[in-house]
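Structural features, examined
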Amino acid sequence: MRRPATPGTVPGRPPAASGLPPWAALTLVTLAGVASAAQGAINAELGERAGNATLGAVVNNLGGALLVGLGVLALPSARTGLAALRRAGLPWWAYLGGLGGAGIVLAGAYIVPVLGVAIFTIAQVAGGSLGGLAVDRAGLAPVGRLALTRPRVAGALLGVAAVTLAQLGQPVGDLALGLVLLAVAGGLAVALQSALNARVSAASSAAAGMVVNFATATPVVLLVAVLAGALTGPGPTWPDDWYLYTGGLLGVVIVAALLAGVPAVGVLRTGLALVAGQLGGALLLDALLPGGPGLRLPVLAGALLTLAAALVAGRGRGRRGLGKAVPPAERVAAPERPASGGRLVG
């Protein structure tokens, strides 16, 4: 006997999800956060040694776009996903997720020298937590609408407090209110990026989500680099160290992990797990790199508390408590599945 479809879902299909249990999704995203910490350090050093802060972002996005493009050429499944995306009928704004990633990378290059790492990081995480709550509540991600419960609000606040703790002792620059608000807006944009990329992926495939992300972000980064004079005038001094050019590879890994995490646990918890991994990665870099400050207990405590915040935000009931948000093109009848059938993987 065929079961009635849940409102807003495709008949005969389960709700869009990554197929990962929450614990696996949080673990994967936390590891991606470690990669994100390494990526940030690599891009910053490359930009500094090349002579312009935006050049690290340029190499990062061009490298990621090249890898994704090669993947599309090599994998028939990737091309199939792009073909499915053309038929998905998503609204135009669903393809703009990559702008969030480009925005925060470029903003960081210019805001950090003024505000300092501590204030920028706290403001970004505050914006990301607020954005995660709002995006999950609106149901923009394929996990559906998530109710604004006390545990989720408590997890968001705990995450901001944990990052504040981790930044104790870091230098603080000039507290320019406009730049602080810009950093908060950057965090909001990153939350929106995670939701929209996951929405594209759910409508087609993870490969299509990555293609859209880099195709949107890379032209913006190149335009800003041109306006900043990074690609004109005296040629940059490119260093010989190969590892400084791996930011794009790390970026692909991070985007793939986010595409898997958001459908499983939502934008807020994905963002908190990513921050926990970033703090853990920063701790490793501080302890292992020559001349680093070594083990810093506030960073360790902040990483553990941020991970705890991601767990706290998942307590209680409220998953899909407000219904399922699915693009209109997905609301079509699908063939009936056998009773013993497994899940469809996008």
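Since the structure is predicted, the reported quantities are computational estimates derived from the model, not experimental observations. (Residues numbered from 1 in each chain as written. Predicted model: local features only at pLDDT ≥ 70, side-chain atom pairs only at ≥ 80, totals over all residues. Heavy atoms only, no water.)

Focus on the overall build of the chain
Helices and strands together make up the secondary structure of the chain, namely 10 helices and 0 strands. Classification of the 346 residues of the chain by burial places 44% in the buried group. Of the contacts formed within the chain by residues at least 6 apart in sequence, a portion of 85% connects residues at least 24 apart. Of the roughly 16400 Å² that the chain leaves accessible, carbon and sulfur atoms contribute 69%. (Helix = DSSP H or I, 4+ residues; strand = E, 2+ residues; numbered from the N terminus. Buried < 20%, exposed > 50% of the residue type's maximum accessible area, 1.4 Å probe, protein only. Contact = heavy atoms within 4.5 Å. Areas by Shrake-Rupley, 256 points an atom, 1.4 Å probe, with all protein chains shown as cover.)

Side note on the packing of aromatic side chains
This model, assessed by the stated rule, comprises 1 aromatic pair. Judged by centre distance (6.3 Å) and plane angle (90 degrees), the rings of Trp242 and Tyr243 are edge-to-face. Relative accessible area serves as the criterion here: at 66%, Trp242 is assigned to the exposed category. (Phe/Tyr/Trp six-rings, centres within 6.5 Å; stacked < 30°, edge-to-face > 60°.)

Examining the side chain of Gln193
Along the chain, Gln193 falls in helix H7 (residues 177-203). Contact partners of Gln193, with chain neighbours within four places excluded, come to Gly97, Gly98, Gly100, Gly101 and Asn213.

What to know about the pattern of salt bridges
Under the criterion given, the structure shown has 4 salt bridges. One salt bridge in this structure joins Arg49 and Asp241, with 2.6 Å as the shortest N-O distance. Residue Arg49 is found in helix H1 (residues 22-50), and its partner Asp241 is found in the loop between helix H8 (206-227) and helix H9 (247-288); the two are separated by 192 residues along the sequence. Linking Asp136 and Arg152 is a salt bridge whose minimum nitrogen-to-oxygen distance equals 2.6 Å. One end of the pair, Asp136, is in helix H5 (residues 117-138); the other, Arg152, is in helix H6 (residues 150-166), with 16 residues separating them in the sequence. Residue classification places Asp136 among the buried positions, given a relative accessible area of 0%. (Salt bridge = Lys/Arg side-chain N within 4 Å of Asp/Glu carboxyl O.)

What about the nonpolar core?
When a protein is soluble and globular, its nonpolar side chains tend to lie buried together. Counting 24 residues, the largest nonpolar core has Leu268, Leu272 and Leu274 as the members making the most contacts within it. Listing elements by their share of this core, those giving two or more residues are H1, H9 and helix H10 (297-312). Of all the elements, H9 adds the most residues to this core, at 10 residues. Not counting the four nearest positions on each side in its chain, Leu274 is found in contact with Val29, Ala32, Gly33, Ile254 and Leu258. (Core = buried A, V, L, I, M, F, W, Y, C linked by side-chain atoms within 4.5 Å.)

Remarks on the environment of Val180
As for its position among the elements, Val180 is in helix H7. Counting along the chain gives 69 residues from Val180 to Ile111, while the straight-line C-alpha distance between them is 8.4 Å. Those residues within four positions of Val180 in sequence are excluded, and the remaining contacts are Leu115, Ile119 and Ala123.

As for the packing of helix H2 (residues 53-74) against H8
Viewed as axis vectors pointing N to C, H2 and H8 meet at an angle of 150 degrees, and their least axial separation amounts to 9 Å. If you check the angle between H2 and H8, you find them roughly antiparallel. Our pair here, H2 against H8, has a crossing hand that is left-handed. The segment H2 lies against H8, with Thr54, Ala57, Val58, Asn61, Leu62, Gly64, Ala65, Val68 and Val72 engaging Met210, Val211, Phe214, Ala217, Thr218, Val221, Leu222 and Ala225. In terms of residue class, the contact of H2 with H8 is made up of 13 nonpolar, 4 polar and no charged. (Axes fitted to C-alpha atoms, helices over the stretch in contact; angles between N-to-C directions. Parallel < 35°, antiparallel > 145°, perpendicular 65-115°, else oblique. Left-handed = near helix turned anticlockwise from the far one by under 90°. Nonpolar A, V, L, I, M, F, W, Y, C, P; charged D, E, K, R; others polar.)

With respect to a nonpolar patch on the surface
Where nonpolar side chains cluster on the molecular surface, the patch consists of Leu66, Leu67, Leu70, Leu73, Leu249 and Val253 and spans about 580 Å² of accessible area. Elements with a contribution of two residues or more to the nonpolar patch: H2 and H9. Counting residues per element, the nonpolar patch draws most heavily on H2, at 4 residues. Tracing the chain through its elements places Val253 in helix H9. (Patch = residues over 30% accessible without salt bridge, like charges linked within 9 Å, V, L, I, M, F, W, Y side chains within 5 Å.)

What about the packing of H5 against H7?
Where H5 contacts H7, the two axes come as close as 7 Å, and the packing angle between them is 40 degrees. On the basis of their axis angle, the class for H5 and H7 is oblique. The interaxial crossing formed by H5 with H7 has right-handed handedness. Note on element contacts: H7 touches H5 through Val180, Ala183, Val184, Gly187, Leu188, Ala191, Leu192 and Ala195, opposite Ile119, Phe120, Ala123, Gln124, Gly127, Gly128, Leu130, Gly131, Gly132 and Val135. Across the contact of H5 with H7, the residue classes break down as 12 nonpolar, 6 polar and no charged.

A few points about the confidence of the model for the chain
Within the chain, residue pLDDT values average 82, and 85% of them lie at 70 or more. Residue range residues 1-17 is modelled with pLDDT below 50. Its contacts to residues more than four positions away, or to other chains, number 32 contacts. Confidence drops under pLDDT 50 across residues 317-346; counting only partners more than four residues distant or on other chains, this segment forms 65 contacts. (pLDDT = per-residue confidence, 0-100.)

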